[in-house]
Amino acid sequence: SLPVARSRRARDGGANGLRKESSPFINNTDNDKAISYDGKNMALFEEEMDSNPMVSSLLNKLANYTNLTQGAQEHEEADEEEAGPKKKAVKSPQMGTFMGVYLPCLQNILGVILFLRLTWIVGTAGIVESLAIVVMCCSCTMLTAISMSAIATNGVVPAGGSYYMISRSLGPEFGGAVGLCFYLGTTFAGSMYILGTIEILLTYIVPQAAIFVAEKKEDEPAALLNNMRVYGTCCLTLMSLVVFVGVKYVNKLALVFLACVVLSILAIYAGVIKTAFDPPDFPVCLLGNRTLQNLNFDKCLKTEEVGNQTVGTALWALFCGGSRALNASCNEYFVLNNVTMIQGIPGLTSGVISDNMWSDYGPLGMLVEKPRQPAVLAADTSQDVYLPYVVNDIASFFTLLVGIYFPSVTGIMAGSNRSGDLRDAQKSIPIGTILAIATTTFIYLTSVVLFGACIDTVLLRDKFGDSVKRNLVIGTLSWPSPWVIVIGSFFSCCGAGLQSLTGAPRLLQAIARDGIVPFLAVFGHGKANGEPTWALLLSGGICEIGILIASLDAVAPILSMFFLMCYLFVNLACAVQTLLRTPNWRPRFKYYHWALSFLGMSLCLSLMFISSWYYAIVAMVIAGLIYKYIEYRGAEKEWGDGIRGLSLNAARYALIRLEEAPPHTKNWRPQMLVLLNVDTDLAVKHPRLLSLTTQLKAGKGLTIVGNVLEGTYLTKDSEAKTAEQNIKSSMAAERTKGFCHVVVSSNLRDGFSHLIQSAGLGGMKHNTVLMAWPGTWKQSNDPASWKNFIETVRETTATHHALLVAKNVDSFPGNLERLGEGTIDVWWVVHDGGMLMLLPFLLRQHKVWRKCKMRIFTVAQMDDNSIQMKKDLQMFLYHLRLDAEVEVVEMHDSDISAFTYEKTLVMEQRSQMLKQMQLSRNEREREVKRTTPRPPGLHREQTILIKRIGLCRWSLIWRPCYVSSSDAAAGVHMTWTKEKLFTERHRGREANANVAVRDLFNMKPNQSNVRRMHTAVKLNEVVVNKSQGAHLVLLNMPGPPRNRGGDENYMEFLEVLLEGLNRVLLVRGGGREVITIYS
């Protein structure tokens, strides 16, 4: 903020409060120079330093961009409390792609479904339909990941990534509804992973640890559910404590968990290879064609020889009322059919794949039977439910399997949910997520085929491995031991549960902090390091509800609905943003297309109704209720969302909505009011202004072309219509899409004022005024030309409109021209909203400027670190997603040259001379009578001027000189020399010449004007040196002086500033941010 402080000191000692100078010359004392010329390099902009900071000050604030707040004033926060004690910044863990995105995604994707349900899905649906399920679900997540990557790389994504992306793209209502649904889905996902963990623990690791033990076979499901509830609650409590301690511990554990998962998958592939030449021994006992639970017997025999006696086996006792006697009353089916034993894993080369190609769905309680196995049916089947058969524990059908399988691919948001902990979210989220999806898709596809090729169909359909002594089915395939898979799957589920309990509270915290759902405000608070404590407690409570459901197969379809709804709106957000083509939509991830987003959206919607149409309707109703609640409560948030952008193109309803709040920074684009002039024939004077408008707009947004005719409408009616038609014809010729507005006013000044104030309708009002530089203001006899220009500048500033002034606009390229390779040079002196950054980007979207490169120059003062400024500016442009060369130009303090001093003196003399011209009417009449008839072509005022004072040309500046009455009568135009100056001074004193003329030669220039002229001269030298060959130069336009007496000097300053440049666009911001680093 040093340049700002310096400029304030300069202003405080400027024209108003400047102490009396002891000498008008340059070589005054050092003390005088230090006070009078302090901050002279930027004196031209000193009156605007409070609202428009120097670029060096701005970049210093933007160096740590993640601490900026969202909104229009994110770059304009004043550091007024720098002297006070600063609060110590809290840094959260900063992780890269591998640790922050890839590992969490793998943890959540390779979770419970792969190890506990994929073999059962393959056995029930068959290889063909299982591949269809995997391809549909993985395609859905891959398309969603592409859309998510585009949104995530379109700016900074803070914590609560997926919710943030949806809400900022589709608005607070959609964002809140989908965000809360996704939060519920993520929380229930934690329940599912915990249930999977407990299922592995009680079924495969320590079944004897069960608290509830069923005495009868029909009571086993209820006992299992109760055990899941008790142990699940304990596991949830333990995991919540781990998450509460800190996210870094979760990530340390994630490495251990993922190592177990990788080893498990490698063990599966190794086991598959081993089955080709040495299948493992896992026999399955069949009675007829029915599969038996191999839990309470060791031998797959009805009878056996014991001591030369034939007795019944343990299997005999199970079917004969507990008696092993051969004459016992046995089950009819048991009596009619023989017992056979087959290998559960016949191997890769056994040809079992042909039996597993097609589906075998069935109702609850259906027996698992081997196809093409001989069997004799019994008449009485009523007792089958009490016998040790392997049966379906739930009714199975294709859509149910889709709902159960889909949660296994839902881990794709694990990285974006924790985007606040990432070092570079824009880079990490796309790479990590897409690689994780590609890896897991390959694993799922190959697993489906290999399971079907290696494992017998009856074992595949045995969900809990009852036919192989309750071994995990996928574990029987692994090498070297089933325990590798059991332990690996156990830790995989633990890790995925921890990741869900880490992401869900952050998601709720982000929603709460946005304030769109008032009753959630308390959950926005947390520990000192930012950990969401209260949100973690609520997440644990909701997670407990899922655990009380206790059935993994019942919880999974619920998750599918919430996740699919979230993915649907991610795709919709990307499609809307892409089709709108807002200037802020500049993703660094380029491999996306709106058609892919629509395909992903359609696939999500289809999967919702395929999985469960009633769950889909319930989820939509919940989302709708949340949407209406947020709308009813009045979510006064404007996030630049896509729905807002769409409403700009709508009719009355959209206009009414647009009046509720000004558009957000992200939706800002130049809505142009073009101030055109017409000649005496009512033809457009500068048609290239329309060309420039078209190139800036690229056919988007609002354009109003305004013109003012002087007079009254009753007398100028026909002329106004003619001018309007001519302007419309020029707009058509220049391909400018917009509206034409011709105003008839008593004077031009009022007409332009009315246009600036009232053009547009509702939310479709202009925010930018485009006009041409009055190039002939010096030669004009009427000062109203440049006075109207300055008043227009003041008016746009007062109405907070941006202003673009094109110099030499007739030399600008037409729409049919194609500029070759060149540069668009931006001279960023003060920050006034980012217009200078946005305009070159918009111009380069048009084919006229497409080959031009963007260069940004900024000015460093003596006290600035130019190297650091360049680094900060490059980082700022990186986060703006703008490609430009950066150069910092150093303007060191230097003595004000005699040329600058003389130029200022001439300017003030000319100004004083013009003031003396403003005589009263009577005085002018008396003066006319004393003059001889004026030569043809000279106006009365010119004749008076030449007679009294004269205008002499010196260099490029008009300055006063004394002219004799005889020469004046002849209309002599003298050439000024230094010798004539002293001669005329001497003659004036001796002849008692006009006192006013003598005062002109004895004037001392105002020191404030000297400093401003110094700024203009020095800046012009630098700009001409660097940018004379540029196709276009964009430059900050300094504001007019507060004191209207210096208006003519202001025009002179601008003329000096622009001298030697061809195409120039002076830019003055409207007092608000028009470009942002945020998504």
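This is a predicted model, so every value here is computed, not measured.

Looking at a nonpolar patch on the surface
Right, so step 1: Residues Leu605, Phe609, Trp613, Tyr614, Tyr615, Ile617, Met620, Val621 and Leu625 make up a contiguous nonpolar surface patch of roughly 860 Å² in combined accessible area.
Right, so step 2: Mapped onto the nonpolar patch, the elements with two or more residues apiece are helix 21 (594-611) and helix 22 (613-633).
Right, so step 3: It is helix 22 that contributes the most residues to the nonpolar patch, seven residues altogether.
Right, so step 4: Considering the arrangement of structural elements, one finds Trp613 in helix 22.

Brief notes about helix 20 (residues 552-580)
Right, so step 1: Under the 1.5 Å per step criterion, the end-to-end length of helix 20 is 42 Å for 29 residues, consistent within 8% with the ideal 42 Å.
Right, so step 2: Of all 29 residues making up helix 20, 26 are buried, and the element is well covered by its neighbours.

What to know about the sheet that holds strand 6 (residues 672-676)
Right, so step 1: Read from one edge of the open sheet, ten strands run 8-7-6-9-10-17-16-11-12-13, paired in mixed fashion. Edge positions in the sheet fall to strand 8 (739-745) and strand 13 (885-890), since each of these pairs with one other strand and no more. This sheet shows a mean twist of 20 degrees between the axes of neighbouring strands, independent of strand direction.
Right, so step 2: Examined bridge by bridge, strand 11 (residues 823-828) and strand 16 (residues 1032-1036) share four bridges and lie parallel to one another. Considered in strand 16, the bridge of Ile824 is made with Leu1032.
Right, so step 3: Lying on the sheet, helix 26 (residues 713-733) is in contact with strand 6, strand 7 (703-710) and strand 8; it crosses strand 8 at an angle near 155 degrees.
Right, so step 4: The strands touched by helix 29 (residues 835-844) within the sheet are strand 9 (768-772), strand 10 (802-807), strand 11, strand 12 (853-860), strand 16 and strand 17 (1064-1068), with strand 11 carrying the most contacts at an inclination of about 170 degrees.

Describing the side chain of Thr119
Right, so step 1: Within the secondary structure, Thr119 is located in helix 6 (residues 118-152).
Right, so step 2: What makes Thr119 buried here is its relative accessible area of 3%.
Right, so step 3: Setting aside residues no more than four positions away along its own chain, Thr119 makes contact with Phe451, Leu460, Val473 and Ile474.

Examining the packing of helix 8 (residues 172-205) against helix 20
Right, so step 1: In the contact formed by helix 8 and helix 20, the axes pass within 8 Å of each other and the chain directions differ by 150 degrees. In terms of orientation, helix 8 lies roughly antiparallel with respect to helix 20. You can see that helix 8 and helix 20 cross each other, and the crossing is left-handed.
Right, so step 2: Taken together, the residues of the contact of helix 8 with helix 20 break down into 18 nonpolar, three polar and one charged.

Some remarks on the side chain of Asn331
Right, so step 1: Its place among the elements puts Asn331 in the loop between helix 11 (314-319) and helix 12 (332-336).
Right, so step 2: When its relative accessible area of 12% is taken as the criterion, Asn331 is described as buried.
Right, so step 3: Within polar-contact distance, the side chain of Asn331 engages the backbone nitrogen of Tyr333 at 3.0 Å.
Right, so step 4: Dropping the residues within four chain positions of it, Asn331 is found in contact with Phe319, Gln383, Asp384, Leu387 and Tyr389.

Here we look at the nonpolar core
Right, so step 1: Membership of the largest hydrophobic core comes to 153 residues, with the highest contact counts inside it found for Tyr405, Phe406 and Tyr444.
Right, so step 2: In contact with Tyr405, other than residues within four places in its own chain, are Ile113, Leu118, Ile121, Ile133, Val134, Cys137, Cys138 and Tyr444.
Right, so step 3: Among the nonpolar cores identified, the runner-up in size contains 61 residues, and Leu682, Ala806, Val826 and Met835 belong to it.

Remarks on the pattern of salt bridges
Right, so step 1: Taken as a whole and judged by the stated rule, the model has 20 salt bridges.
Right, so step 2: The closest approach of N and O atoms between Arg461 and Asp360, which form a salt bridge, is 2.5 Å. In this pair, Arg461 is assigned in the loop between helix 16 (457-460) and helix 17 (473-477) and Asp360 in the loop between strand 5 (339-343) and helix 13 (398-405), connecting sequence segments 101 residues apart.
Right, so step 3: A relative accessible area of 30% places Asp360 in the partly exposed class.
Right, so step 4: Residues Lys370 and Asp456 are paired through a salt bridge, measuring 2.9 Å at the closest nitrogen-oxygen approach. You can see Lys370 sitting in the loop between strand 5 and helix 13 and its partner Asp456 sitting in the loop between helix 15 (425-454) and helix 16, a full 86 residues away along the chain.

Digging into a negative patch on the surface
Right, so step 1: A cluster of like negative charges, contributed by Glu215, Glu218, Asp219 and Glu220, occupies part of the molecular surface.
Right, so step 2: Tracing the chain through its elements places Glu215 in the loop between helix 8 and helix 9 (220-245).

Some words on the confidence of the model for the protein
Right, so step 1: The predicted model of the protein averages 78 in pLDDT, with 77% of residues at 70 or higher.
Right, so step 2: Per-element confidence in the protein ranges from a low mean pLDDT of 36 for strand 14 (residues 951-954) to a high of 94 for helix 21.
Right, so step 3: A low-confidence stretch, residues 932-976 stays under pLDDT 50, and its non-local contacts, those more than four residues away or across chains, total 96 contacts.
Right, so step 4: Confidence over residues 988-993 falls short of pLDDT 50; this stretch has six contacts with residues more than four positions distant or in other chains.

Thoughts on the pairing of strand 1 (residues 283-287)
Right, so step 1: When you tally the buried positions in strand 1, you get four out of five residues, the bulk of the element.
Right, so step 2: Here strand 1 runs beside strand 2 (residues 290-291); their pairing, made up of two bridges, is antiparallel. Residue pairing in the sheet places Leu286 in a bridge with Thr291 of strand 2.
Right, so step 3: Between strand 1 and strand 2, which pair antiparallel in sequence order, lie two residues; one of them, Gly288, sits at a positive phi of approximately 65 degrees.

Considering the state of the cysteines
Right, so step 1: With the rule as written, the count across this model stands at two disulfides.
Right, so step 2: The partner cysteine of Cys285 in its disulfide is Cys300, sulfur to sulfur 1.9 Å. Between Cys285 and Cys300, the S-S dihedral sits near 80 degrees, and the bridge is therefore right-handed. Of this pair, Cys285 sits in strand 1 while Cys300 sits in the loop between strand 2 and strand 3 (303-306); the two residues are 15 residues apart in sequence, bridging distant segments of the chain.
Right, so step 3: For Cys285, a relative accessible area of 2% puts it in the buried group.
Right, so step 4: The partner cysteine of Cys320 in its disulfide is Cys330, sulfur to sulfur 1.7 Å. Its torsion about the S-S bond being 105 degrees, the disulfide of Cys320 and Cys330 is classed as right-handed. One end of the pair, Cys320, is in the loop between helix 11 and helix 12; the other, Cys330, is in the loop between helix 11 and helix 12, with ten residues separating them in the sequence. Taken as a pair, Cys320 and Cys330 share a single burial class, namely buried.
Right, so step 5: This cysteine, Cys234, is not joined by any disulfide, and Cys235 carries the nearest cysteine sulfur, 8.7 Å off.

About the criteria used
Residues numbered from 1 in each chain as written. Predicted model: local features only at pLDDT ≥ 70, side-chain atom pairs only at ≥ 80, totals over all residues. Heavy atoms only, no water. Patch = residues over 30% accessible without salt bridge, like charges linked within 9 Å, V, L, I, M, F, W, Y side chains within 5 Å. Areas by Shrake-Rupley, 256 points an atom, 1.4 Å probe, with all protein chains shown as cover. Salt bridge = Lys/Arg side-chain N within 4 Å of Asp/Glu carboxyl O. Helix = DSSP H or I, 4+ residues; strand = E, 2+ residues; numbered from the N terminus. Expected span 1.5 Å × (residues − 1). Buried < 20%, exposed > 50% of the residue type's maximum accessible area, 1.4 Å probe, protein only. Pairing = 2+ DSSP bridges. Axes fitted to C-alpha atoms, helices over the stretch in contact; angles between N-to-C directions. Contact = heavy atoms within 4.5 Å. Parallel < 35°, antiparallel > 145°, perpendicular 65-115°, else oblique. Left-handed = near helix turned anticlockwise from the far one by under 90°. Nonpolar A, V, L, I, M, F, W, Y, C, P; charged D, E, K, R; others polar. Polar contact = N/O pair within 3.5 Å; in protein donor to acceptor, adjacent residues only side chain to side chain. Core = buried A, V, L, I, M, F, W, Y, C linked by side-chain atoms within 4.5 Å. Lys, Arg positive; Asp, Glu negative; His and termini not counted. Charge placed at Lys NZ, Arg CZ, Asp CG, Glu CD. pLDDT = per-residue confidence, 0-100. Disulfide = S-S within 2.5 Å.

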